[in-house]
Amino acid sequence: MTVPELDSEQVAVYQRPDALSDTNTHYCPGCTHGVAHRLIAEVVDEMGLRERMIGVASVGCSVFAYNYFDFDFVQSPHGRAPAMATGIKRVLPDRIVLTYQGDGDLASIGMAEVVHAAARGENITCIFINNTNYGMTGGQMAPTTLPGQKTTSSPNGRDVEVNGYPIRTAELLSKLDGASYVVRRSLHDPKNIRLAKKAIRTAFEVQKRGLGFSMVELLSICPTNWGMTPRQAIQWLEEKMIPFYALGDYKVNPSVADIKI
Amino acid sequence: MAKEMMKGNEAVAEAAIRAGVQAYFGYPITPQTELLEWMSRRMPEEGRAFVQAESELAAINMVYGAACTGRRVMSSSSSPGVSLMLEGISYMAGTEVPAVIVDVMRGGPGLGNIQPSQSDYNQIVHGGGHGDYHPIVLAPCSVQESIDLTVLAFDLAEKYRSIVIILSDGSIGQMMEPAELPPMMPLKTSFPEWAVDGAAGRERRFLSSIYMDAPAEEVANMRLLNRWAKIRENEIRYKEYYLDDAEYAIVGFGSAGRVALSAVRQAREMGIKVGLLRPISLNPFPVDAIEALGKRVKGILVVEMNTGQMLDDVLLATRGKVPVEFYGRTGGVIPFPDEVVSAVQRLAAGPIVTTGHPRDRWMKFMSFLN
């Protein structure tokens, strides 16, 4: 990337991380994918991992994630990112392998792949974006859609008698012995964004130390498909999502305590 | 190296190890499981990657991931499992990464059974997964040929950035016979310029099967097709037996080809001048050889362990220039050489039929099964 020349009086306090490519994203205005991307890129820069990173993009809004990061990437079939990541990590154990998946991808069609990657203690990191709907296809019901939430495929609101209940993925994966670090964070305000970054950093440290599977679930907003302004969407996340998807650490390997960030 | 008694599935596994396979991902399914079991023991011994995946779907995507690093990778399965793998196979074809897949076919459709069959010919040879692509398909008829084709499969996969499928069956996978393994080959130390293995000191790379721009996808599809044209030019393989003076010819692959060879020898003893053409590369198919064969014999008998799938390709190749008959057993039933000899006798006795479809005539003959 090119950094503009600065006057000697000026100090750069904010610039694009090296691990983020100089490309406009296709994400909607207000979407928190951009925030999540930036946090990952900042952590990659801070840990000096850019040349060791291999990302696995998924299917959904983040399908073009490989365009936005300036490190090696592959693009997986829908839901299969943890399996692809397994294949990569097993032949290149010293690389840092990341999957970036949405809720339809990871918690619906790819549930088997992520559960078994976690059960094997696969030494990979999954960044899991939970925005309670299928964004890319226009806002259909996801496994994370809240009871009563209207989507284009649950027009009268999710009826749990018919559509079943939402899945709390972090809680579910935390029960597996191979999972080393499973947490849920949120991207709705600066404080939580800082906590989310710290969790991503911890997850990469876990992988770097070979401690096993790590997943950071990030509560995210989808103003376009929720039919809200970004500000309303942030409020909705706080008022509706956090009570259902409680933020917190669901599985923390005791060795994680040794990781100082 | 001397010949030793080996089981087909295990011989393929050890041949792959000696050919330098660096990662194997699979899932248990009869009649292929010994291959997975062999790998579970031998791959860790060699310090290479082995994972028993949670499904064939996961296994093929592990293969996909590992293939993106430019290393030699493989998986194996049997018919229902290969159906599950077709998603990943299509993605790998679209991404242009090499991989070797072994399909030890069994009776179907559905759960079918665990007896040998060739009923996945159409699925595998004519693509299987979605989109415009052509896998290389190799069909062994013995344990030795399984070994040789496994080694060849890795070379072809890399040379053409292609999927190579070894289309075996439960009979070849389970049988034991003397065979010779190749010497241990060194692992690759250099990797292709497209390999995604960490952007150390270079620009980032990415591998994907996405072409959101339709004209760009068209260009990609034409690139695949042009590569396929080269494969068709260079990689057609088949074997001829007793065809020099033959008046009649059998065309059969894999186990059916092997049964047909016994039948040819029996028929020759009875004075019928019959030979055999056994396609080894089912894709690319030996079209020219079969067309030429059609011009020099009085009739062709296609023998398969299905209801006449390769038959359609033989009919296309012979272009109606020679009478073609079909004899098959299906559902996991293996034909006896005697049955094939009878079919040859019927063909040789005439009258030559030029109307209707050979499959319909065979169905009539098989009406005792109704």
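Residues numbered from 1 in each chain as written. Chains lettered and ligands numbered in written order. Predicted model: local features only at pLDDT ≥ 70, side-chain atom pairs only at ≥ 80, totals over all residues. Heavy atoms only, no water.

The description of an aromatic ring pair rests on the distance of the ring centres and on the angle between the ring planes. Summed over all chains, the structure comprises 13 aromatic pairs over all chains. Aromatic ring contacts, followed pair by pair, group A:Phe64, A:Tyr66 and B:Phe206 into a single cluster. When the ring centre of A:Phe244 is taken as reference, the NZ or CZ atom of A:Arg168 above it lies at 3.8 Å. (Phe/Tyr/Trp six-rings, centres within 6.5 Å; stacked < 30°, edge-to-face > 60°. Lys NZ or Arg CZ within 6 Å of the ring centre and 35° of its normal.)

Here the focus is the pattern of salt bridges. Residues and elements named next belong to chain B. By the definition in use, this model includes 43 salt bridges over all chains. Among the salt bridges present, the one from Glu 34 reaches Lys 7, with a minimum N-O distance of 3.3 Å. With Glu 34 in helix H2 (residues 33-45) and Lys 7 in strand E1 (residues 4-7), this pair connects stretches of sequence that are 27 residues apart. With a relative accessible area of 15%, Glu 34 lands in the buried category. (Salt bridge = Lys/Arg side-chain N within 4 Å of Asp/Glu carboxyl O. Helix = DSSP H or I, 4+ residues; strand = E, 2+ residues; numbered from the N terminus. Buried < 20%, exposed > 50% of the residue type's maximum accessible area, 1.4 Å probe, protein only.)

On to the nonpolar core. One recurring pattern in soluble globular proteins: nonpolar side chains tend to sit buried together. Ranked by size, the top nonpolar core spans 112 residues in total, and within it A:Phe213, A:Met215, B:Ile89, B:Ile250, B:Ile300 and B:Leu301 carry the most contacts. Broken down by element, this core gets its largest block of residues, 8 residues, from helix H3 (residues 56-67) of chain B. Looking at this core, you find at least three residues from each of domain 1 (4-234) and domain 2 (238-369) of chain B. Filtering out sequence-adjacent residues up to four positions away, B:Leu301 remains in contact with B:Ala249, B:Ile250, B:Val251, B:Glu325, B:Phe326, B:Tyr327, B:Val340, B:Ala343, B:Val344 and B:Leu347. Residues A:Val44, A:Tyr66, A:Ala196 and A:Val206 belong to the second largest nonpolar core, which totals 40 residues. (Core = buried A, V, L, I, M, F, W, Y, C linked by side-chain atoms within 4.5 Å. Domains from an automatic or database assignment. Contact = heavy atoms within 4.5 Å.)

Bringing the sheet that holds strand E10 (residues 238-241) of chain B into the picture now. All names here are of chain B. Overall, mixed pairing links the 5 strands, which are arranged E10-E12-E11-E14-E15 in an open sheet. Looking at which strands have only one partner, the edges of the open sheet turn out to be E10 and strand E15 (324-328). Each neighbouring strand pair of the sheet contributes to a mean axis angle of 20°, computed without reference to strand direction. Summarising the sheet, E10 and strand E12 (residues 274-279) pair through 4 bridges and their orientation is antiparallel. Looking at E12, one finds that Glu 240 is bridged to Leu 277. Sitting on the sheet, helix H12 (residues 337-349) is in contact with strand E11 (248-251), E12, strand E14 (299-304) and E15, with an inclination near 160° to E14. (Pairing = 2+ DSSP bridges. Axes fitted to C-alpha atoms, helices over the stretch in contact; angles between N-to-C directions.)

If you walk through the whole model with that rule in mind, you get 0 disulfides over all chains. Here A:Cys28 stays free of any disulfide, with the sulfur of A:Cys31 as its closest cysteine sulfur at 6.4 Å. (Disulfide = S-S within 2.5 Å.)

Attention now moves to the layout of surface pockets. Residue and element names in this part refer to chain B. In this structure, the largest pocket occupies an estimated 390 Å³ of space. Tyr 91, His 130, Ser 209, Ile 210 and Glu 217 are the residues nearest the centre of the largest pocket, which is lined by 23 residues in total. At the level of secondary structure, the elements contributing two or more residues to the lining of the largest pocket comprise helix H4 (79-95) and helix H8 (214-234). Classifying every residue of the lining of the largest pocket by side-chain character gives 12 nonpolar, 8 polar and 3 charged. (1 Å grid on protein atoms, 1.4 Å probe; cavity = no way out; pocket = protein on both sides within 12 Å on 5 of 7 lines; lining within 4 Å. Points joined across faces, edges and corners; volume = space filled by probe spheres on them. Nonpolar A, V, L, I, M, F, W, Y, C, P; charged D, E, K, R; others polar.)

As a further point, take the UniProt feature "domain: Thiamine pyrophosphate enzyme TPP-binding" (unreviewed entry) in chain A. Per the UniProt annotation, the sites labelled "domain: Thiamine pyrophosphate enzyme TPP-binding" (unreviewed entry) are residues 62-204 of chain A. For residues 62-204 of chain A, the helix share is 39%, the strand share is 20%, and the end-to-end C-alpha distance is 20 Å. (UniProt positions renumbered as here; feature names shortened; annotations may be inferred.)

A few words now on a nonpolar patch on the surface. Residue and element names in this part refer to chain A. Among the surface-exposed residues, Val 11, Val 13 and Tyr 14 lie close enough to one another that they form a single nonpolar patch of about 410 Å² accessible area. Relative to the helices and strands, Tyr 14 is located in the segment before helix H1 (33-47). Tyr 14 sits in the exposed class, given a relative accessible area of 62%. (Patch = residues over 30% accessible without salt bridge, like charges linked within 9 Å, V, L, I, M, F, W, Y side chains within 5 Å. Areas by Shrake-Rupley, 256 points an atom, 1.4 Å probe, with all protein chains shown as cover.)

A pair of packed helices can be characterised by two numbers: the angle between their axes and the separation between those axes. All names here are of chain A. Across the interface, helix H3 (residues 81-91) lies against helix H5 (residues 111-119) with an axial gap of 7 Å and an inter-helix angle of 40°. As the angle between them shows, H3 and H5 are arranged oblique. Along its contact with H3, which presents Pro 82, Ala 83 and Thr 86, the element H5 presents Glu 113, Val 114 and Ala 117. (Parallel < 35°, antiparallel > 145°, perpendicular 65-115°, else oblique.)

Right, let's talk about empty space enclosed by the protein for a bit. Where empty space is left becomes clear once a probe the size of a water molecule has been rolled over the atoms. All names here are of chain B. Applying the stated criterion to the full structure yields 3 cavities of 30 Å³ or more. Here the largest cavity defines a volume of roughly 130 Å³. Lining the largest cavity are 15 residues, with His 134, Arg 161, Ser 162, Ile 163 and Leu 224 positioned closest to its centre. At the level of elements, H4 and H8 are the ones that each hand at least two residues to the lining of the largest cavity. Across the lining of the largest cavity, the residue classes tally to 10 nonpolar, 2 polar and 3 charged. Roughly 50 Å³ of volume is contained in the second largest cavity. Arg 71, Arg 72, Val 73, Pro 98, Ala 99, Phe 154, Ala 157 and Glu 158 together form the lining of the second largest cavity. Residue classes in the lining of the second largest cavity are distributed as 5 nonpolar, no polar and 3 charged.

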